[in-house]
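# Coordinate inspection notes
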Amino acid sequence: MIDPKLEKYAEEHSSKESDLLYRLNRETHLKMIHPRMLSGAMQGKLLEMLSCMIQAKNILEIGTYTGYSAICLAKGLPADGVLHTIEMNPELESIAKKYFAEAEIEHQVNYHLGNALEIIPQINEAFDLVFLDADKENYLNYYHLIFDKIRPGGYILADNVFWSGKVLTTPDPHDKEALGIIEFNEYIQQDDRVENVILPLRDGLSLIRKK
Ligand SMILES: C[S@@+](CC[C@H](N)C(=O)[O-])C[C@H]1O[C@@H](n2cnc3c(N)ncnc32)[C@H](O)[C@@H]1O
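The paragraphs below set out a description of the structure included in this document. (Residues numbered from 1 in each chain as written. Predicted model: local features only at pLDDT ≥ 70, side-chain atom pairs only at ≥ 80, totals over all residues.)

## So, the overall build of the protein chain
The secondary structure content of the protein chain amounts to 8 helices and 7 strands. Viewed in the frame of its principal axes, the protein chain has a C-alpha envelope of about 45 × 45 × 30 Å. In the protein chain, buried positions account for 37% of the 211 residues. Across the protein chain, every contact between residues at least 6 apart in sequence was considered, and the portion connecting residues at least 24 apart equals 69%. (Helix = DSSP H or I, 4+ residues; strand = E, 2+ residues; numbered from the N terminus. Buried ≥ 20, exposed ≤ 12 C-beta atoms within 10 Å, placed from the backbone. Contact = placed C-beta atoms within 7 Å.)

## A word on the pairing of strand β7 (residues 205–210)
Side chains on a regular strand alternate between the two faces of the sheet. Two elements, strand β5 (residues 150–159) and β7, share 5 bridges in a ladder whose sense is antiparallel. By the bridge assignment, Tyr-155 is partnered in β7 with Arg-209. Linking two consecutive strands that pair antiparallel, namely strand β6 (residues 194–199) and β7, is a turn of 5 residues; a positive phi of about 50 degrees is found at Arg-202 within it. (Pairing = 2+ DSSP bridges.)

## Overview of the site of the ligand
In the neighbourhood of the ligand, 18 residues make up the surrounding shell, with Ser-39, Gly-63, Tyr-65, Ser-69 and Ala-116 lying closest. For the shell around the ligand, the secondary-structure elements that each account for two or more residues are α4 (68–74), β2 (82–87) and α6 (116–119). Across the shell around the ligand, the residue classes break down as 10 nonpolar, 5 polar and 3 charged. (Near = placed C-beta within 6 Å. Nonpolar A, V, L, I, M, F, W, Y, C, P; charged D, E, K, R; others polar.)

## Concerning the environment of Leu-83
Residue position: Leu-83 is located in strand β2. The exposure class assigned to Leu-83 is buried, which follows from the 26 C-beta atoms found within 10 Å. Put simply, Leu-83 and Lys-57 are 26 residues apart on the chain and 8.2 Å apart in space, counted from C-alpha to C-alpha. Leave out the neighbours within four places in its chain, and Leu-83 touches Ile-59, Glu-61, Ala-70, Leu-73, Ala-74, Leu-77, Gln-108 and Val-109.

## Some details on the sheet that holds β2
The sheet built from 7 strands is open, its strands ordered β3-β2-β1-β4-β5-β7-β6 with mixed pairing. Two strands close off the open sheet at either side, each with one partner strand: β3 (109–113) and β6. Pairwise comparison of adjacent strand axes, ignoring direction, gives a mean angle of 15 degrees for this sheet. As defined by bridge partners, strand β4 (residues 127–132) adjoins β5 across 5 bridges and the pair is classed as parallel. Paired with Leu-132 across the strands is Ala-158, a residue of β5. The strands that helix α3 (residues 41–54) touches are β1 (58–62), β4, β5 and β7; relative to β4, the one it contacts most, it runs at about 165 degrees. (Axes fitted to C-alpha atoms, helices over the stretch in contact; angles between N-to-C directions.)

## A few points about the environment of Gly-67
You can see Gly-67 is positioned in the loop between β1 and α4. Under the C-beta neighbour-count criterion, Gly-67 is labelled buried, with 28 such atoms within 10 Å. Counting along the chain gives 33 residues from Gly-67 to Phe-100, while the straight-line C-alpha distance between them is 7.4 Å. Ignoring sequence-local partners within four residues, the contact set of Gly-67 consists of Leu-24, Ile-95, Ala-96, Tyr-99 and Phe-100.

## Notes on unusual backbone geometry
Positive phi outside glycine occurs at Tyr-65, with the angle close to 55 degrees. Relative to the assigned elements, Tyr-65 resides in the loop between β1 and α4. With phi around 55 degrees, Ser-164 is a residue other than glycine that occupies positive phi space. The topology assignment puts Ser-164 in the loop between β5 and α8 (176–190).

## Notes on the environment of Gly-76
Locating Gly-76 in the fold gives a position in the loop between α4 and β2. Looking at Gly-76, the number of C-beta atoms within 10 Å reads 22, which means it is buried. Considering only alpha carbons, one finds Gly-76 and Ile-59, 17 residues apart in sequence, at a separation of 9.9 Å. When neighbours within four sequence positions are excluded, Gly-76 is seen to be in contact with Glu-48, Ser-51, Cys-52 and Ala-56.

## Quick look at the packing of helix α7 (residues 139–147) against α8
Packed helices, taken two at a time, are described by their axes: the angle between them and the distance between them. The contact between α7 and α8 brings their axes to 8 Å, and the two run at 40 degrees. Considering their axes alone, α7 and α8 lie oblique with respect to each other. Facing α7, whose interface residues are Tyr-139, Leu-140 and Tyr-143, α8 presents Gly-180, Ile-181, Glu-183, Phe-184 and Tyr-187. In the contact of α7 with α8, the residues fall into 6 nonpolar, 1 polar and 1 charged. (Parallel < 35°, antiparallel > 145°, perpendicular 65-115°, else oblique.)

Structure follows, in C-alpha cells:
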C-alpha cells in the first residue's frame, strides 16, 4: 500500500531489531508454516513504544504465536508489571518460552494455553493495554469479552484491520475472516464508548482508546 521504497527507507531509518528478536524472527521463518504472522521489526518497535508510552502495568495479548510481539510489549512493563498472553496451538509454547527466558521476561509472562474465547472470562484482571491478534472472525467476540476488563483510558490494539485490502471489497460470504474484520472495524467506529485511529502500518493496526 505504501511505496515499497519508502517502506524500505522507513525500516532502514528506524531502530534496528535487537539480536534476540532477529533470531526469533529467523527461527520462526525457518520452522513455522506461516511466518508472516509474526509482527516484525517495525510493528514490534511500535508495540514496544506504545507500551512504554501508555506505561502499561497489565497487558493482555490474544494470539502469542512464537512470542515476538509479547517480547516487544513486555519491554514497556515496569518491574512489577505482567503480560498475560493466550495461544491455542500447543506446538508454539516451547519456542515462545525459550525466547521469553532469553529476554528475561519469563517471570512477568503469564502464558495461557487454550482457546482465548474460553480463557478470557477466567482472567479477572484490569488491563491497561490489550493486543488483539488471533483469529479474525472472532475479533468482535474478543472485543465484547475484554471490554469490561479494560480500565477507562486503557487501550486496545487490533492487528490486520486491512486484511490484505479485503476490507475494500465485498468478500465471499464464506470468508469469515474478512467479514469478521469488516464487522469489527464498523462496530468500533460506531461505538461511542471508544475513540480510534487506524494506523496504515503493514496490514493496518487499529489503536482504540476506551473513554
Ligand atoms: C497472527 S498470530 C499472532 C502473532 C503474534 N502476536 C506476533 O505478532 O508475533 C495469531 C495466533 O493466534 C492463535 N489463535 C488463533 N485462534 C486462537 C484462539 N481462539 N485462541 C487462542 N489463540 C488463537 C494462532 O494459533 C496464532 O498463533
